[in-house]
Amino acid sequence: MKFVVNTHISYRKPLLMFFESVKDSDLKKELWKNIIVVDNDTEKSAPRLVPLKEILDTDIEAEVVHVANEYNSYEYGSYNILNVYDEHELIKDDQYLMLHDTVLLQHNFYEIISAFFDNKFKDKIIQYEAPSSNIRIIGRKHVKEYGSQYDRPFTKEEAICLELGKSHLYQGRCLELGEEKMIPIDNFSIEVVSTKFPLGV
């Protein structure tokens, strides 16, 4: 499983707090290379393993994967990156825990999250309920399902619409499920399982 942290170049303080919580958690240092930091609204760059000090003002000694998304896609920039670099050795995995920079890991994070490595979860999306439904585990098969639909900038209204679970947009307006003329944006077509992850949100 890769841990995908969506952020913005102007959100370095929350990102630092996130990594402080990682340091205090039970995630071993050798697994930090499974953390993918996706910077939105900055010059596009391919995934690369970098010292954390290269992206943050910190004394934490660790390496993470860093990749930049040229669009400001709010929480959905990381979804775009997973699709664009689906075959990249630093990105490719069976499962992804989608996070954002304001999340804090609890001390027993890895002990609890590792229960979801089981094959029975590989074809499911496991997530918080709205409005925190953008914190979820997805599989590689889901990346292939949604494809390139996040390969664009998003408005704040669109991002909020998706986060609140309306999941459909029409002419810039959030539509309730069941309304006509829906254009699916969040296109997941499989079972969703609600759960609580070992996170502070």
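Residues numbered from 1 in each chain as written. Predicted model: local features only at pLDDT ≥ 70, side-chain atom pairs only at ≥ 80, totals over all residues. Heavy atoms only, no water.

Participant: Quick question: what am I supposed to make of the packing of aromatic side chains here?
Facilitator: This model, assessed by the stated rule, comprises 10 aromatic pairs. Between Tyr76 and Tyr150 the ring centres are 5.5 Å apart and the planes differ by 15 degrees, which places this aromatic pair in the stacked class. In this pair, Tyr76 sits in the loop between β4 (63-69) and α2 (77-84) while Tyr150 sits in the loop between α4 (140-146) and α5 (156-163), placing the two residues 74 residues apart along the sequence. In terms of burial, Tyr76 and Tyr150 fall into one category: buried. Taken together, the aromatic side chains of Tyr76, Tyr79, Tyr150 and Phe154 make up a single cluster linked through ring pairs. The residue whose ring lies beneath Lys29 is Trp32, and the NZ or CZ to ring-centre distance is 5.3 Å. (Phe/Tyr/Trp six-rings, centres within 6.5 Å; stacked < 30°, edge-to-face > 60°. Helix = DSSP H or I, 4+ residues; strand = E, 2+ residues; numbered from the N terminus. Buried < 20%, exposed > 50% of the residue type's maximum accessible area, 1.4 Å probe, protein only. Lys NZ or Arg CZ within 6 Å of the ring centre and 35° of its normal.)

Participant: It is not clear to me how the pattern of salt bridges should be interpreted in this structure. Could you clarify?
Facilitator: As enumerated under the stated definition, the model contains 10 salt bridges in all. Ionic pairing is found between Arg140 and Asp86, a salt bridge with its closest N-O pair at 3.0 Å. In this pair, Arg140 sits in helix α4 while Asp86 sits in the loop between α2 and β5 (95-100), placing the two residues 54 residues apart along the sequence. Across the pair, exposure class does not vary: Arg140 and Asp86 are buried alike. Classification of Asp86 by relative accessible area gives buried; the value is 9%. (Salt bridge = Lys/Arg side-chain N within 4 Å of Asp/Glu carboxyl O.)

Participant: Sorry, what's going on with the nonpolar core here?
Facilitator: Side chains of nonpolar character tend, in soluble globular proteins, to be buried together. The biggest cluster of nonpolar side chains holds 30 residues, and the ones touching the most others in it are Phe19, Trp32, Ile35 and Val64. Breaking this core down by element, the ones donating at least two residues are β1 (2-8), α1 (12-23), β2 (35-40), β5 and α3 (109-113). At 4 residues, the largest contribution of residues to this core is made by α1. Excluding residues within four positions of it along the chain, Trp32 makes contact with Phe19, Val22, Lys23, Leu27, Leu52, Ile60, Ala62, Glu63 and Val64. Judged by nonpolar contacts, the second largest core, of 21 residues, contains Val38, Val67, Ile81 and Ala159. (Core = buried A, V, L, I, M, F, W, Y, C linked by side-chain atoms within 4.5 Å. Contact = heavy atoms within 4.5 Å.)

Participant: Where do I start with α2 in this structure?
Facilitator: An α-helical turn contains 3.6 residues, so any two residues separated by three or four positions project in the same direction. With 6 of 8 residues buried, α2 lies mostly within the body of the structure. Those residues of α2 lying buried are Gly77, Ser78, Tyr79, Asn80, Ile81 and Leu82. Packing partners of the buried residues in α2 comprise β1, β2, β4, β5, β8 (136-139) and α4.

Participant: Could you clarify how one ought to interpret the confidence of the model for the chain in this entry?
Facilitator: Low pLDDT means the predicted coordinates in that region are not meant to be read closely. With 77% of its residues at a pLDDT of at least 70, the chain reaches an overall mean of 80. Predicted confidence in the chain is weakest over strand β11 (residues 183-184), with a mean pLDDT of 34, and strongest over strand β3 (residues 45-51), with 97. Across residues 168-172 the pLDDT falls below 50, and counting only partners more than four positions away or on other chains, this stretch makes 18 contacts in the model. Scored below 50 in pLDDT, residues 175-195 makes 62 contacts in the model with residues more than four places away or belonging to other chains. (pLDDT = per-residue confidence, 0-100.)

Participant: Would you mind going over the pairing of β1 with me for this structure?
Facilitator: Each regular strand shows side chains that alternate between the opposite faces of the sheet. Where burial is concerned, most of β1 is hidden: 7 out of the 7 residues are buried. The alternating pattern of β1 places Lys2, Val4, Asn6 and His8 and Phe3, Val5 and Thr7 on opposite faces, both of which are buried. Bridging between β1 and β5 involves 5 bridges; their strand directions are parallel. Among the inter-strand pairings, Asn6 is bridged to a residue of β5, identified as His100. Pairing of β1 with β2, which is carried by 6 bridges, proceeds in the parallel orientation. Following the sheet pairing, Val5 is matched in β2 by Val37. Assessed by its sense of winding, the connection that carries the chain from β1 through α1 to β2 is right-handed. (Pairing = 2+ DSSP bridges. Right-handed = clockwise from strand over helix to strand, strands pointing away.)

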